[in-house]
Amino acid sequence: MTDIARMVEQHILEHESRLKHVDELLAHARKGAGNLPEYAQIRTKLDELAEKRDRHAVQLDDLKAKAAEEWQQHEIEQSGLMGVWDALAQDLERLVERLGK
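This structure is a prediction, so every number in the text was calculated from the model and none was measured.

What counts and how
- Position numbers for residues count from 1 along each chain, tracking the sequence in the order it is written.
- Whole-chain, interface and lining totals are the exception, using all residues; otherwise, since this is a predicted model, local features are given only for residues with pLDDT of at least 70 and side-chain atom pairs are given and counted only at 80 or more.
- Neither water nor hydrogens contribute to the side-chain values; these are computed over all heavy atoms in the structure.
- For the purposes of this entry, the term helix denotes a DSSP run of H or I that reaches at least four residues, the term strand denotes a run of E that reaches at least two, and both are numbered from the N terminus.
- With a 1.4 Å probe rolled over the protein chains alone, any residue whose accessible area is under 20% of its type maximum counts as buried; one over 50% counts as exposed, and the rest are partly exposed.
- It only takes one pair of heavy atoms within 4.5 Å for two residues to be counted as in contact.
- For accessible areas, the Shrake-Rupley method is used with a probe of radius 1.4 Å. Any residue's cover is judged against the shown protein chains and nothing else.
- Here, the term nonpolar core denotes a set of buried Ala, Val, Leu, Ile, Met, Phe, Trp, Tyr and Cys residues that are joined through side-chain atoms within 4.5 Å.
- Note on definitions: salt bridges are taken to be side-chain nitrogens of Lys or Arg within 4 Å of carboxyl oxygens of Asp or Glu.

### Points about the overall build of the chain
In terms of regular secondary structure, the chain is built from three helices and zero strands. Ordered by position in the sequence, the α and β elements of the chain form the string α-α-α. The proportion of buried residues among the 101 residues of the chain is 17%. Considering only residue pairs separated by 6 or more positions, the chain has 60% of its internal contacts joining residues 24 or more positions apart. By element, 57% of the accessible surface of the chain is carried by carbon and sulfur atoms, the whole surface being about 7900 Å².

### A few points about the nonpolar core
Membership of the largest hydrophobic core is limited to five residues, which are Ile4, Val8, Ile12, Leu60 and Leu63. Within the residue set of this core, elements represented by two or more residues are α1 (3–33) and α2 (39–65). Per-element tally for this core: the top contributor is α1, with three residues.

### A short note on the pattern of salt bridges
Throughout the structure, instances matching the rule amount to five salt bridges. Where Arg43 meets Asp47, a salt bridge forms, and the shortest distance between an N and an O atom there is 4.0 Å. Of this pair, Arg43 and Asp47 both sit in helix α2, four residues apart, which is roughly one turn of the helix. Under the relative-accessibility criterion, Arg43 is labelled partly exposed at 46%. In this structure, Glu48 engages Lys45 in a salt bridge whose closest nitrogen and oxygen atoms are separated by 3.9 Å. Residue Glu48 and its partner Lys45 are located together in helix α2, separated by three residues, close to a single helical turn. Using a relative accessible area of 42% as the deciding quantity, one classes Glu48 as partly exposed.

Encoded structure:
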C-alpha cells in the first residue's frame, strides 16, 4: 500500500469515526427528548441536524468512491499552496519508492 493510499484510508477512517459519534449523539438526543414537554421543538432541531448528517454522509460516500489519485487532486485544489508542496513531496516520495525497488 502506498503512502497516498494509507493517507486516504486514515482520512476516511477519521470521517467514519466522526460520523459514528454523530449517530450516537443523535440517538441519545432523540431518546432524551422524548420525555420533554418541548419535544416538538426539539424534534424539529434534531431533524435539521439529521439532514446535515445525511448530507455529510453522502459526501463521505463520494470520498470513499474516489481513487487515491482523484482524492489527492481534490485535496490539492482545496488547500492552495500548501497542497502544491504536499503534491510535490508525494510525487518525489513515489519516485523514491520506485527507485528503492
